[in-house]
Amino acid sequence: MSLLAQRLQGFGTTVFAEMSALAVATGSVNLGQGFPDTPGPAEVLDVARAAIGTELDQYPPGPGLPVLREAVAAHVQRFRGLAHDPATEVLVTAGATEALAGALLGLLDPGDEVVVFEPLYDSYAACISMAGGVVVPVPLRPPPPGEPGRWTFDPAELRAAVGPRTKLVLLNTPHNPTGKVFDRAELELVAEVVREHDLVALTDEVYEHLVFTGAEHVSLAELPGMRERTLVVSSGGKTFSTTGWKVGWVCGPAELVTCVRTAKQFLTYVNAGPFQPAIAAGLGLPDAFFARVAADLEHQRDLLVAGLAEAGLLVTIPEATYFATVRVDGDGLAFCRELPHRVGVVAVPMSAFYLPQHAELGRDLVRFAFCKRPEVLAEAVRRLTAA
């Protein structure tokens, strides 16, 4: 008899753990899990080093240190033009994952439905299930094999996904795993659906600054009538190469943030005391820093995309994030399990980002991460093209 709670049946060990273990066992270049291999900016790291060994090693306030909440509010005002009260409309969390979990636990009742675009980051379905909710997916479709283009969705399918039990629309843009940036027209459609059905929007925007030439990130909360019904989640991990610090936040109207805080206080309670002022310092860095981070990552994207194409793989060029998707001939999971032994490179199958009943939609798709040093990417390309 399984002792695992029914709501978690089907959520086993993630494919990331399997692929990372394969990378170690085979000495492969790991382009599976999305974390950078370079340190963050000195302006951020030095603040953390100075904070360790001080009173900041102890519990910070439940909502987060004021210096970080104020920095988040200033950052959102600066880049999105939205004003938030740091005392009531900003909450610091243990990464974006806890912010999302807290929002779902704080807002959903058993049987409430959440509309989410699929493929989806793997924690979404698990957190919705833990909150007693129901995932209602809207498919994102890649461009035809070998053709340039963007991942798209059918507006009619989005509208059809909303029913009498719908409570939330969960939107991830820039989108992991596809690298899609929802454009303004697409966001306006999502906003229209949310307003029309009096829903709450929950947006995951952790890749907000990692957007490439030709694309623009717009927060759903910026659109008319959306500031008052949208919770926006982000974090410092991706932007500042500090994924292990797990410093995230959620912004929104006080009533919605209170719902998140009510659940969050019984999860980690607080976290990352010495790292909070460091992320605050990062959020205040000049515009040139954020532009440089995106430009450097775009260069890394181009290196990997060119190498994947040279290796004969059909690549969809991402508009943002850390990831590029390729189409393989056959089963993506089998491809990823064989690749480390065959050429010494690790990727992850896109089927892991689909609900089990929809895994076939991502069966021939594989995701590679390019958030690595250029020399690491060059070695991966050398191995792929030599095979």
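Residues numbered from 1 in each chain as written. Predicted model: local features only at pLDDT ≥ 70, side-chain atom pairs only at ≥ 80, totals over all residues. Heavy atoms only, no water.

The name recorded for the protein in an unreviewed UniProt entry is Succinyldiaminopimelate aminotransferase apoenzyme, from Klenkia taihuensis. What UniProt states about the protein under its Sequence similarities (unreviewed entry) heading is, verbatim, "Belongs to the class-I pyridoxal-phosphate-dependent aminotransferase family." (UniProt positions renumbered as here; feature names shortened; annotations may be inferred.)

Trainee: Any chance you could explain the overall build of the protein here in plain terms?
Mentor: Each helix and strand counted, the protein has 12 helices and 13 strands in total. Taking 2.2 N^0.38 as the reference for a compact globule, 387 residues should give roughly 21 Å; the C-alpha atoms of the protein span a radius of gyration of 20 Å, in line with that estimate. Its C-alpha atoms give the protein principal-axis dimensions of about 55 × 50 × 50 Å. When burial is assessed residue by residue, the protein has 56% of its 387 residues classed as buried. (Helix = DSSP H or I, 4+ residues; strand = E, 2+ residues; numbered from the N terminus. Rg over C-alpha atoms; globule rule 2.2 N^0.38 Å. Buried < 20%, exposed > 50% of the residue type's maximum accessible area, 1.4 Å probe, protein only.)

Trainee: Looking at this model, I keep getting lost on empty space enclosed by the protein. Mind explaining?
Mentor: Which parts of space are left empty comes out when a probe the size of a water molecule is rolled across the atoms. This model, assessed by the stated rule, comprises two cavities of 30 Å³ or more. As a volume, the largest cavity reaches approximately 160 Å³. A total of four residues in the lining of the largest cavity trace back to one element, the largest contributor, which is helix H3 (residues 66-80). Considered class by class, the residues forming the lining of the largest cavity number seven nonpolar, six polar and four charged. Taken as a whole, the second largest cavity encloses approximately 40 Å³ of empty space. Taken together, His75, Glu208, His209, Ser234, Ser235, Gly236, Thr239, Phe240, Trp249, Leu283 and Phe290 make up the full set of residues lining the second largest cavity. A per-class count over the lining of the second largest cavity returns four nonpolar, six polar and one charged. (1 Å grid on protein atoms, 1.4 Å probe; cavity = no way out; pocket = protein on both sides within 12 Å on 5 of 7 lines; lining within 4 Å. Points joined across faces, edges and corners; volume = space filled by probe spheres on them. Nonpolar A, V, L, I, M, F, W, Y, C, P; charged D, E, K, R; others polar.)

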